[in-house]
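Fold and contact review
For reference, the chains in residue letters:
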Amino acid sequence: MPRVTNAILAAALTTGAALVAPRLRVKAPTALAARGRLLDELADLDGEAPVAVEETAPVAAPVAEKAVLEPETLFFEGPPSKTELIVPGLSVLTVIGIVPFAAAAARQAWVKYKITSRRISVQSGVGGQDFTEIVYSDIAGMKFVYRGSKDVGDLVISLRDGAKLEMRFVPQFQEIYRYIYERCSPAAQA
């Protein structure tokens, strides 16, 4: 019996000690940690020189250069050209001209083109709910038609997956077309 009691008592003491007294986690000594220690302070009072703690700087691993993207710059943002309203506005005098004028006015209110250094975005629909965004690497080809002068034009962008993005009455057409053309892949430029 004494063996069993001793074994139970020993087990209770070891598990109880682990629950009552958690282990202390001691960090590696640093110069600041050594100053705050009680033994170091006592050694200073006794006139003994404290043990010098040598602090070594961590060795920095060689950092591989990360590919950093240049910030996205805005080239153009705005609605289609206002010249879109001229012919439908004149045709309002007839009853038939009301519908084309309403469609042109709606495009002015709800369509926005945004051309940046990374992508082309078209926001359209009632209240701007439809949002289309393409990147230059997806462009397979471009076709255009001038509207009246060379300042305004329609642009159809064909994508690699077969889809097409149509941009009507693009203002500053010469500059915008050249800007998009420069960012297309060489296969799309051919």
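Anyway, here's the lowdown on the structure attached to this text. Note that the structure is a prediction, hence the values are computed from the model and not measured.

Quick notes on the rules
- Residues numbered from 1 in each chain as written.
- Predicted model: local features only at pLDDT ≥ 70, side-chain atom pairs only at ≥ 80, totals over all residues.
- Heavy atoms only, no water.
- Phe/Tyr/Trp six-rings, centres within 6.5 Å; stacked < 30°, edge-to-face > 60°.
- Helix = DSSP H or I, 4+ residues; strand = E, 2+ residues; numbered from the N terminus.
- Buried < 20%, exposed > 50% of the residue type's maximum accessible area, 1.4 Å probe, protein only.
- Lys NZ or Arg CZ within 6 Å of the ring centre and 35° of its normal.

What follows concerns the packing of aromatic side chains. Scanning all chains against the criterion turns up seven aromatic pairs. Judged by centre distance (5.7 Å) and plane angle (80°), the ring pair of Tyr146 and Phe173 falls under edge-to-face. One end of the pair, Tyr146, is in strand S5 (residues 139-147); the other, Phe173, is in helix H6 (residues 173-183), with 27 residues separating them in the sequence. Looking at Tyr146, the relative accessible area reads 32%, which means it is partly exposed. Given the relative accessible area of 2%, Phe173 is considered buried. For the pair Tyr177 and Tyr181, a centre-to-centre distance of 6.1 Å together with 20° between the ring planes defines the contact as stacked. Taken together, the positions of Tyr177 and Tyr181, both in helix H6 and four residues apart, correspond to about one turn of that helix. On the basis of relative accessible area, Tyr177 is assigned to the buried category, the value being 18%. In this structure an aromatic cluster arises from ring pairing among Phe144, Tyr146, Phe173, Tyr177 and Tyr181. Across the ring face of Tyr179, the terminal group of Arg183 is positioned such that the distance to the ring centre comes to 3.6 Å.

Fair warning: the whole summary comes from geometry, so function is off the table for now.
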